[in-house]
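Reading the structure
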Amino acid sequence: MDHKLRARLSQFHTLFQHELVPLTEASLGERLTPKLEQLLRIWEMIQIERFVPAGRGWVGRPARERTALARAFVAKAVLGLPTTVALIERLHVDACLRRLCGFDVRRKLPGAWLFSRAFAALAQQDVAGAAHAALIKAHLGDQLIGHIARDATEIQAREKPVTAKPPVAAPPPRKRGRPHKGDVCPPPVLTRIQRQMQGMSLSAMLADLPRACDVGSKTNSKGFKASWIGYKLHLDVADGQIPISAVVTGASVHDSQVAIPLATLTAARVTSLYDLMDAAYCSPLIRQHSRDLNHIPLIDHNPRGGQKIDFAPHAAERFKTRTQVERVNARLKDEFGARWLRVRGPAKVTAHLMLAVLALTADQLLRLIT
């Protein structure tokens, strides 16, 4: 950890412990529990209220308490509350949490319909994604990251998967041998990774990824095939188990198809040296893209029926740090509510998962000095 980052985090921790906590406890008239103190620390680190649009339109009912609602949704992730109904019940019985979120105690707590409408608006505006990008830029933008570990995890959803489109009719098979003079040969069909390597912009690559809920399957460590309905969360994680960037796709999207846009997104935020990926990303195009970013790719070899190529001893030792992305996936599901997906639609699912990623990122940054 660079001394500049350590100095910033140490200053934040000192101000929080010696000024913010005593003032907050004096204002509330009671002592904060460890969980509420953690939540207050994460709120102050991410400052999500800076990304909530405060403009008021001329038509319709004005937005009300959107800042407090945004802080409440962060609290939902940190406290591990499975549903918005559970969050509202907690706010009703916990006056301390209600005041910390910023709700006016003299007024009635907003109803569930307003929470739902506010969440949809925050999801449409990608408030959590903007807050996460700003957090990474502010604290790690000037750092040199040793390793970026890349992986994807399944996200089960309670919604109907989209109907699969009928397959496009395959062109008639070409005749064997050299084509005759004047024959028009159809152009080869490019894969998604090949299209990405042909100069696509980041926005175009992200727009090309399927995001609707569908059916995914994978083979687990014991060799059994498992399927699920929902989505996939693709993560790039830096040393210290800090998520740098995240992309949400449909469950059927293969991990390798998101590697190039995810690497491009990460490279725009931080400077890193090594890209660590498992055998699902074994592709010469992904290796070449990593080298084009001036990174060193360490990708587990997929023999595909041939002979497996092992890492050199020093590379194998370095590759062990890839497990940090698996620990991040576990924490997101066990501690920050990524397992409890009760919203529908790609925009809301992305917002729910990005709130969990945002809270975990702030928590991991603070763990560097505490």
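In this text, all values refer to a predicted model and were calculated from it rather than measured experimentally.

What to know about the overall build of the chain
- For the chain, the helix and strand inventory stands at 14 helices and six strands.
- Dimensions along the principal axes, computed over C-alpha positions, put the chain at roughly 85 × 50 × 45 Å.
- Counting all 370 residues of the chain, 47% fall into the buried class.
- Intrachain contacts of the chain at a sequence separation of at least 6 include 68% that bridge at least 24 residues.
- With an accessible surface of roughly 19,800 Å², the chain has 55% of that area assigned to carbon and sulfur atoms.
- Of the charged side chains in the chain, 53 are positive and 32 negative; the average position of the first set lies 7 Å away from that of the second.

What about helix α6 (residues 112-124)?
- The first and last C-alpha atoms of α6 sit 18 Å apart over 13 residues, in line with the 18 Å expected at 1.5 Å per residue.
- For α6, the complete set of buried residues consists of Leu114, Phe115, Ala118, Phe119, Ala121, Leu122 and Ala123.
- Among the structural elements, α3 (66-79), α4 (84-93), α7 (127-140) and α14 (346-367) are those in contact with the buried residues of α6.

A look at the packing of aromatic side chains
- Taken as a whole and assessed by the stated rule, the structure comprises four aromatic pairs.
- Here Phe73 and Phe119 contribute two aromatic rings whose centre-to-centre distance is 5.1 Å and whose plane-to-plane angle is 65 degrees, an arrangement assigned as edge-to-face. Here Phe73 is found in helix α3, whereas its partner Phe119 is found in helix α6, with 46 residues between them in sequence. Summarising the burial analysis for this pair, Phe73 and Phe119 share the class buried.
- Here Phe103 and Phe115 contribute two aromatic rings whose centre-to-centre distance is 6.2 Å and whose plane-to-plane angle is 40 degrees, an arrangement assigned as tilted.

How each quantity is defined
- Per-chain numbering applies: the sequence of each chain, read as written, is numbered from 1 onward.
- Note on the predicted model: pLDDT of at least 70 is required for a residue's local features to be given, and 80 or more for side-chain atom pairs to be given and counted; whole-chain, interface and lining totals, by contrast, use all residues.
- Note that the side-chain values use all heavy atoms of the structure and ignore hydrogens as well as water.
- In this text, helices come from DSSP runs of H or I with a minimum length of four residues, and strands from runs of E with a minimum of two, each type numbered from the N-terminal end.
- Exposure categories follow from relative accessible area, calculated using a 1.4 Å probe and restricted to protein chains: below 20% of the type maximum is buried, above 50% is exposed, and the middle band is partly exposed.
- In what follows, residue pairs with any heavy atoms lying within 4.5 Å of each other are defined as contacts.
- Exposure was quantified through the Shrake-Rupley algorithm and a 1.4 Å probe, taking into account, for residues, occlusion by the shown protein chains and nothing else.
- As used throughout, the charge tally considers Lys and Arg to be positive and Asp and Glu to be negative, leaving His and the chain termini uncounted.
- By convention, the charge on Lys lies at NZ, on Arg at CZ, on Asp at CG and on Glu at CD.
- Under the convention used throughout, the expected extent of a helix is 1.5 Å for every residue step, that is, one less than its residue count.
- Only centres within 6.5 Å qualify two rings of Phe, Tyr or Trp (six-membered ring in Trp) as a pair; their planes then separate them into stacked at under 30 degrees, edge-to-face at over 60, and tilted for everything else.

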